[in-house]
Amino acid sequence: MAGKAFVVTSGKGGVGKTTVTANLGTALALRGNKVCVVDSDIGLRNLDVVMGLETRIVYDLVDVIEGKCRLKQALIKHKKAERLFLLPASQTRDKEAITPDQMKDLMARMKNEEEFDYVLVDSPAGIERGFRNAIAGVDEALIVTTPEVSAIRDADRIIGLLQAAEMYEPKLIINRLSTDMVKRDKTVDQYDIIDVLAIELLGIVPEDGNIVVSTNEGMPIVLTDDNSSGSAGAFRRIARRIEGENVPISPTGDTNEGLFVRFKKFLGLDRKEPERV
Amino acid sequence: MARRSPAAVEIKGFGNDVNIILNADAAFSAIEAQLLKKLKNSDKFLAGVEVILDTGERVLNTDECGKLKEIITGKFGLVVSNVRCRSEESRTAVEEIGWNFEHRDLTEFEAKEKRKALVRKPPDEKENDTVLIKRTFRSGQKELHRANVVIVGDVNPGAEVVATGDVVVMGALRGVAHAGADGDDSAVIIALDLSPIQLRISEYIGRPPDLKLKTRNIPEIARVEDGSIVIEKLR
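All of these numbers come straight from a predicted model, not from anything done at the bench.

S.K.: Whenever I open this one, the overall build of chain A confuses me. Can you help?
M.R.: On a plain count of helices and strands, chain A comes out with 12 helices and eight strands. Across the 277 residues that make up chain A, the buried fraction comes to 51%.

S.K.: Teacher, can you tell me more about the overall build of chain B here?
M.R.: In terms of regular secondary structure, chain B is built from four helices and 16 strands. When each of the 235 residues of chain B is scored for burial, the buried share is 37%.

S.K.: Explanation requested: the sheet that holds strand S6 (residues 130-133) of chain B in the structure shown.
M.R.: Through backbone hydrogen bonds, the strands of a sheet pair up, either in parallel or in antiparallel fashion. All names here are of chain B. Within the open sheet, the six strands sit side by side as S6-S8-S10-S12-S15-S16. Their pairing is mixed. Lying at the two open borders of the sheet, with one neighbouring strand each, are S6 and strand S16 (228-233). The mean inter-strand angle of the sheet, taken between neighbouring strand axes irrespective of direction, is 25°. Alignment of strand S8 (residues 148-152) against strand S10 (residues 167-173), held across four bridges, turns out to be parallel.

S.K.: I keep staring at the pairing of strand S6 (residues 140-145) of chain A and nothing clicks. Help me out?
M.R.: Along any regular strand, the residues point their side chains to alternate faces of the sheet. All names here are of chain A. With five of six residues buried, S6 is to be regarded as a mostly interior element. With four bridges connecting them, S6 and strand S7 (residues 171-177) associate as parallel partners. In the strand pairing of S7, Ile143 is matched with Leu172. Following the backbone out of S6, through helix H7 (residues 149-164) and into the adjacent parallel S7, one traces a crossover that is right-handed.

S.K.: How should the pairing of strand S4 (residues 84-87) of chain A be read in this particular structure?
M.R.: Residue and element names in this part refer to chain A. Residue alternation in S4 divides its side chains into two sets, Leu84 and Leu86 and Phe85 and Leu87, and both sets are buried. By the bridge criterion, four bridges tie strand S2 (residues 35-39) to S4 in an arrangement that is parallel. Directly across from Val38, in S4, lies its bridge partner Leu87. Sheet topology note: the strand S3 (residues 76-77)/S4 ladder contains two bridges and is antiparallel. Note that in S4 the partner of Lys77 across the bridge is Phe85.

S.K.: Sorry, what's going on with the environment of Arg237(A) here?
M.R.: Residues and elements named next belong to chain A. Along the chain, Arg237 falls in helix H12 (residues 230-242). A C-alpha to C-alpha distance of 8.7 Å links Arg237 and Pro248, two positions 11 residues apart in sequence. Excluding anything up to four places from it in sequence, Arg237 contacts Gly203 and Val247.

S.K.: Just to check I follow, could you spell out the sheet that holds strand S5 (residues 118-122) of chain A for this structure?
M.R.: All names here are of chain A. Sheet architecture is open: eight strands sit in the order S3-S4-S2-S5-S1-S6-S7-S8, paired in mixed fashion. Of all the strands in the sheet, just S3 and strand S8 (200-206) have a single pairing partner and so form its edges. Helix-sheet contacts for helix H9 (residues 190-197) involve S6, S7 and S8, and the interaxial angle to S7 is about 150°.

S.K.: Help me out: how do you make sense of the packing of H7(A) against H9(A) in this one?
M.R.: Any two packed helices are characterised by how steeply their axes cross, that is the angle between the axes, and by the distance between the axes. Residues and elements named next belong to chain A. It is at 10 Å that the axes of H7 and H9 come closest, and there the two elements cross at 30°. Between H7 and H9, the angle falls in the class roughly parallel. Crossing angle aside, the handedness with which H7 passes H9 is right-handed. Taken together, the residues of H9 that come into contact with H7 (itself represented by Ile152, Ala155, Asp156 and Ile159) are Ile193, Val196 and Leu197. In terms of residue class, the contact of H7 with H9 is made up of six nonpolar, no polar and one charged.

S.K.: Would you mind showing me how to read unusual backbone geometry here?
M.R.: Residues apart from glycine generally show negative phi values, whereas peptide bonds are mostly found in trans. The backbone of Asp185(A) sits at a positive phi, close to 60°, despite the residue not being glycine. With respect to the element layout, Asp185(A) can be found in the loop between helix H8 (179-183) and H9. The exposure class assigned to Asp185(A) is exposed, which follows from the 7 C-beta atoms found within 10 Å. Despite not being glycine, Ser202(B) has its phi angle at roughly 55°, a positive value.

S.K.: Got a minute to help me understand the nonpolar core in this structure?
M.R.: Among soluble globular proteins, nonpolar side chains are generally buried collectively. Phe6(A), Val119(A), Val121(A), Ile143(A) and Ile173(A) are the most contacted members of the largest nonpolar core, which totals 81 residues. Top contributing element to this core by residue count: H7(A), with seven residues. Ignoring sequence-local partners within four residues, the contact set of Val119(A) consists of Gly3(A), Ala5(A), Cys36(A), Val38(A), Met107(A), Met110(A) and Lys111(A). Leu144(B), Val168(B), Ala191(B) and Ala222(B) belong to the second-largest nonpolar core, a separate cluster that totals 30 residues.

S.K.: Where do I start with the packing of helix H1 (residues 17-30) of chain A against H12(A) in this structure?
M.R.: Residues and elements named next belong to chain A. At a minimum axis distance of 9 Å, the contact between H1 and H12 shows a crossing angle of 65°. Both H1 and H12 take part in a crossing whose hand is right-handed. Residues Asn23, Leu24, Ala27 and Leu28 of H1 lie in contact with H12, whose contacting residues are Phe235, Arg236, Ile238, Ala239 and Ile242.

S.K.: Looking at this structure, I do not really get H7(A). What am I missing?
M.R.: For an α-helix the count is 3.6 residues per turn, leaving residues at separations of three or four pointing the same way. Residue and element names in this part refer to chain A. With 16 residues, H7 ought to run about 22 Å at 1.5 Å a step, and its terminal C-alpha atoms sit 23 Å apart, in line with that. Across the 16 residues of H7, 12 count as buried, placing the element largely inside the fold. Inspection of H7 places Ala151, Ile152, Arg153, Asp154, Ala155, Asp156, Arg157, Ile158, Ile159, Gly160, Leu161 and Leu162 among the buried residues, and these make up the whole buried set.

S.K.: Can you help me understand the confidence of the model for chain A in this one?
M.R.: Low pLDDT marks regions whose predicted coordinates should not be analysed in detail. In the predicted model, chain A carries a mean pLDDT of 89, and the fraction of residues at 70 or more is 90%. Counted against residues more than four places away or in other chains, residues 254-277 of chain A, with its pLDDT under 50, gives 44 contacts.

S.K.: Help me understand the confidence of the model for chain B, please; the structure alone is not making it clear to me.
M.R.: Residue and element names in this part refer to chain B. On average, residues of chain B carry a pLDDT of 81, and 80% of them reach 70 or more. When the elements of chain B are averaged for pLDDT, helix H4 (residues 108-119) gives the smallest value, 56, and S8 the largest, 97. When the criterion is pLDDT under 50, residues 1-5 qualifies, and its contacts beyond four places in sequence or with other chains add up to three contacts. Across the interface, the model reports ipTM at 0.76; the global pTM reads 0.68.

S.K.: Explain helix H5 (residues 100-112) of chain A here, please?
M.R.: All names here are of chain A. Helix length check: H5, at 13 residues, gives a terminal C-alpha distance of 18 Å against a target of 18 Å (1.5 Å per residue), a fit within 8%. Restricting attention to buried positions, one finds in H5 the residues Met103, Leu106, Met107, Met110 and Lys111. Buried positions in H5, seen along its axis, are confined to an arc of 130° and lie on one side of it. Summarising the geometry of H5, the exposed residues directed more than 90 degrees from the buried face are Asp101 and Asn112. Summarising the contacts, the buried residues of H5 are in contact with strand S1 (4-9), S2, helix H3 (61-65), S5 and helix H6 (129-135).

Thresholds applied
Residues numbered from 1 in each chain as written. Chains lettered and ligands numbered in written order. Predicted model: local features only at pLDDT ≥ 70, side-chain atom pairs only at ≥ 80, totals over all residues. Helix = DSSP H or I, 4+ residues; strand = E, 2+ residues; numbered from the N terminus. Buried ≥ 20, exposed ≤ 12 C-beta atoms within 10 Å, placed from the backbone. Pairing = 2+ DSSP bridges. Axes fitted to C-alpha atoms, helices over the stretch in contact; angles between N-to-C directions. Right-handed = clockwise from strand over helix to strand, strands pointing away. Contact = placed C-beta atoms within 7 Å. Parallel < 35°, antiparallel > 145°, perpendicular 65-115°, else oblique. Left-handed = near helix turned anticlockwise from the far one by under 90°. Nonpolar A, V, L, I, M, F, W, Y, C, P; charged D, E, K, R; others polar. Core = buried A, V, L, I, M, F, W, Y, C linked by C-beta atoms within 7 Å. Expected span 1.5 Å × (residues − 1). pLDDT = per-residue confidence, 0-100. Arc of directions from axis to C-beta.

Right under this line is the structure:
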């Protein structure tokens, strides 16, 4: 099977791109895939910290692209997950150090030379050069948003930009949804988000206080938490969906109950029947 | 806007537009000479570009207009999309030459918005045409049409649709729509779900009340009535 490269992007910062990248990458690797997570946030890297690999960095993405090292030398193998690798970003350079074309070549090399099953590129926030680099050469895009109007707005902008770059079917991950808040009608719910963004929903990750702990310890939560509820379970289910398994998405995003909710809207016409007057 | 430059001709870029600004007091011969000189220095990047001729307070006659056209279009191949004048007296001369006359004392920002609405039209679009767009407008996307616009899809927050005619959204209008952008007060905006951030019709701007009492998914129509935008159920 040919490998597949994904970009994890959002537009807005702080919605959990890095957490999603780290956990989906780890979950996919735990299922036996050869996976590489790539930090494309040159100058503001932190995927290495979240993965707990910051002390092992010798070479980085820019070194590979500039030919200062071989690709293999820059890949850092994870200590706990057998087939999981990190390609860190350079911290001392900036986004201009590489070009989208170079990223395209790199993605091809990752899939062909290193034979990765999955490459997940963690995109920087914003829509500038860093974003352009991150989406170059990937096969699919995963949009991360939180139930906040500002995050949804930015996600919408990103979807538009992806379409302009001829990536027409990005998939949506709603992060940090608080079911309690939804029940009390205090937040934008998942239906509102899907209604506006109108792209396929890949999964809902519930708000989970343990994420902070796992981030600070540098240990993705899917490695430490075996529960099927909570964020770890959600990440594992999303990983299975990425592999093509048909795993139901419960409307609340927590357990296995519920119907398979797959919203895909064509032309806005399948919305609730407009009133005829 | 302060424009106290002694130069007879100024060439300035506002956003994507290039403006050729004529000094109101300079002799026409000076304008001719300087225009020729300035364009010659920059012909490499100006050729084929759409420009706006801003004559300010200056009154142009047919003869002068012809001379300017000969230089701007004839010699350098620029396309004059609009002539912006503060004086009505130039209108006949400008229109005789075949240029678009735009008369209004606008602030720079308004003028820019206005130009956007007027200038960026697809080449074969005619007034009174209706354009059918089958897609959703996402945040940051903007389209301008010199026609009526029917959108089969949504207009999301942060997106903008500008039309010289009516705007009909067969979906949810959550962003900004501007109908009758040329100054047509009779233009209307219709949407199956009208929950916009802002509506504009001609010169009028309306925004929803800060308190959200909206019943959703009822087709509604917005029009200008007695100098303000009113929204009612579509029937």
